[in-house]
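Per-entry structural report
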Amino acid sequence: MIDNRTGLLGVIGDPIEHSLSPALHNFVLEKLNLNYCYHSFHVARDRLRDYFQGFHILDFRGINVTIPHKESVIPFMTQLSPEARILEAVNTIHFELNVITGYNTDSAGFLKSLGEIRNQLKNNQIIVLGAGGSARAIIYALITQQVGEIRIFNRTPAKAENLALCFRDKMAYRNIFGHPMKKDQLSAVMADAFLMINTTSVGMHPNVTASPLDPAIEIPASIGVYDLIYNPMKTQLLQRAQAYGAWTLNGLDMLIFQGIAALEIWLNRSIDAQPFLPELRRHLIALLGDASVQKD
Ligand SMILES: NC(=O)c1ccc[n+]([C@@H]2O[C@H](COP(=O)([O-])OP(=O)(O)OC[C@H]3O[C@@H](n4cnc5c(N)ncnc54)[C@H](OP(=O)(O)O)[C@@H]3O)[C@@H](O)[C@H]2O)c1
């Protein structure tokens, strides 16, 4: 129940109407019996300053940031976490007295979503499809786990090469290479890869029949295929990977764990999501209106 002591949290974006964050956070807050309320705010770029003043005056504890503001909020921060500085993007903001700290919880959410598989990343070869904002967060996470090699494939090859250069420079990680999304190169690399992660938006609702992979590419059964997309839960890419016998993961758990990581920052406590994780997944899947079954 909202009362005089209810703490304020929220998310800003443009558009924001389809964000699952309010449903996710309010579910967790209720499960933990915490007196906070999480609301979404449709914020146009030219209103960012006004909203920041508003959050400050209204004593907000924290906000999440989504497209298109992850970079443009940075000038409003007093300080950035190491991840946010390297990723040059903020998805979580913590307000404390006069200090505003920008974090990025996408990398932590991705690693947590891998569960036990995280322990197998070290020294292995990883393929990243896409070179946008989420690819950055995934690559940062992979480098922290000391993966053996990262191959980035992207429609616009220059972006893949620039991203590889960026991590060579910022994290002194040398085994990272950018490639065009070419069938032969990708097939050759896939034979030895441990995991392939789709960070492109190809295959996302409503374009559910699209796939970032050329249909002529065979997927080795030995590889894991992770699609950051969670709507639909089983993209065309994941359907094909499963048909080849590869193990698969979709993006729902990353969404959940990046959100929980934000709550941990705002509340300054660790949160064990395991007791309510299956119920939370079902809650979000129902909101997505997707009938596919998610692993528990
Ligand atoms: N599960 C989660 O928690 C989570 C978190 C973040 C993002 N995501 C999902 O990840 C996806 C990407 O998000 P983002 O923020 O990284 O987006 P972004 O920065 O806009 O990057 C989009 C990427 O997709 C590629 N792409 C877009 N349309 C394409 C097409 N028709 N053919 C080939 N490549 C195409 C782009 O290639 P170019 O460089 O050639 O344009 C770029 O590499 C979205 O579906 C988003 O929902 C999920």
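Conventions adopted
- Residues numbered from 1 in each chain as written.
- Predicted model: local features only at pLDDT ≥ 70, side-chain atom pairs only at ≥ 80, totals over all residues.
- Heavy atoms only, no water.
- Buried < 20%, exposed > 50% of the residue type's maximum accessible area, 1.4 Å probe, protein only.
- Helix = DSSP H or I, 4+ residues; strand = E, 2+ residues; numbered from the N terminus.
- Pairing = 2+ DSSP bridges.
- Right-handed = clockwise from strand over helix to strand, strands pointing away.
- Contact = heavy atoms within 4.5 Å.
- Axes fitted to C-alpha atoms, helices over the stretch in contact; angles between N-to-C directions.
- Near = heavy atom within 4 Å.
- Polar contact = N/O pair within 3.5 Å; in protein donor to acceptor, adjacent residues only side chain to side chain.
- Areas by Shrake-Rupley, 256 points an atom, 1.4 Å probe, with all protein chains shown as cover.
- Nonpolar A, V, L, I, M, F, W, Y, C, P; charged D, E, K, R; others polar.
- Domains from an automatic or database assignment.
- Buried area = accessible area lost by both parts, 1.4 Å probe.
- Phe/Tyr/Trp six-rings, centres within 6.5 Å; stacked < 30°, edge-to-face > 60°.

The side-chain alternation of strand E11 (residues 224-227) yields two buried faces, one formed by Gly224 and Tyr226 and the other by Val225 and Asp227. With four bridges joining them, strand E10 (residues 195-198) and E11 adopt parallel strand pairing. Across the sheet, residue Leu195 finds its bridge partner in E11, namely Gly224. With three bridges joining them, E11 and strand E12 (residues 247-249) adopt parallel strand pairing. In the sheet register, Gly224 faces E12, and the bridge partner there is Trp247. Handedness of the crossover joining E11 and E12 through helix H8 (residues 236-243) is recorded here as right-handed.

An order of E2-E1-E3-E5-E6-E4 is seen for the six strands of this open sheet, with the pairing classed as mixed. Two strands in the sheet have a free side with no partner beyond their single neighbour: strand E2 (36-42) and strand E4 (79-80). In this structure, strand E3 (residues 62-65) lies alongside strand E5 (residues 92-96), joined through three bridges in antiparallel fashion. Residue pairing for E5: Ile63 is matched across the bridge by Ile93. Along the sheet face, helix H1 (residues 21-31) touches strand E1 (7-13), E2 and E3 and points at about 175 degrees away from the line of E2. Of the strands in this sheet, E1, E2, E3, E5 and strand E6 (99-103) touch helix H9 (residues 252-267), which is tilted by about 10 degrees from E5.

Next up on the list: the environment of Gly178. One can find Gly178 in strand E9 (residues 176-180). Taking the C-alpha atoms as reference, Gly178 lies 7.5 Å from Leu163; in sequence the two are 15 residues apart. If we ignore the near neighbours within four places in the chain, the residues touching Gly178 are Ile152, Ala160, Glu161 and Ala164.

Moving on, we get to the site of the ligand. The immediate surroundings of the ligand are formed by 20 residues, with Ala131, Gly133, Ser134, Asn154 and Thr156 found nearest. A distance of 2.6 Å separates an oxygen atom of the ligand from a polar side-chain atom of Ser134. Between an oxygen atom of the ligand and a side-chain N or O atom of Thr156, the distance comes to 2.5 Å. Isolated, the ligand exposes 930 Å² of accessible area, and the fraction of that covered by the protein chains is 73%. Listed by contribution, the elements that provide at least two residues to the shell around the ligand are helix H5 (133-144) and H9. Here the residues of the shell around the ligand sort into eight nonpolar, 10 polar and two charged.

The subject of this paragraph is the domain arrangement of the chain. Taken domain by domain, the chain comprises domain 1 (7-104 + 253-288) and domain 2 (108-250). Here domain 1 and domain 2 have C-alpha centroids that lie 26 Å from each other. Contact residues are listed per partner, giving 13 residues for domain 1 and 17 residues for domain 2. In total, domain 1 and domain 2 occlude about 1400 Å² of area from one another, counting both sides; carbon and sulfur atoms represent 73% of this. Ranking the residues of domain 1 by area buried against domain 2 places Ile86, Leu87 and Met254 at the top, with a combined share of 43%.

Another point: the packing of aromatic side chains. With the rule as written, the count across this model stands at 13 aromatic pairs. Three or more aromatic residues joined by ring pairs make a cluster, and in this case those are Phe41, Tyr51, Phe52, Phe55, Phe60, Phe76 and Phe95.

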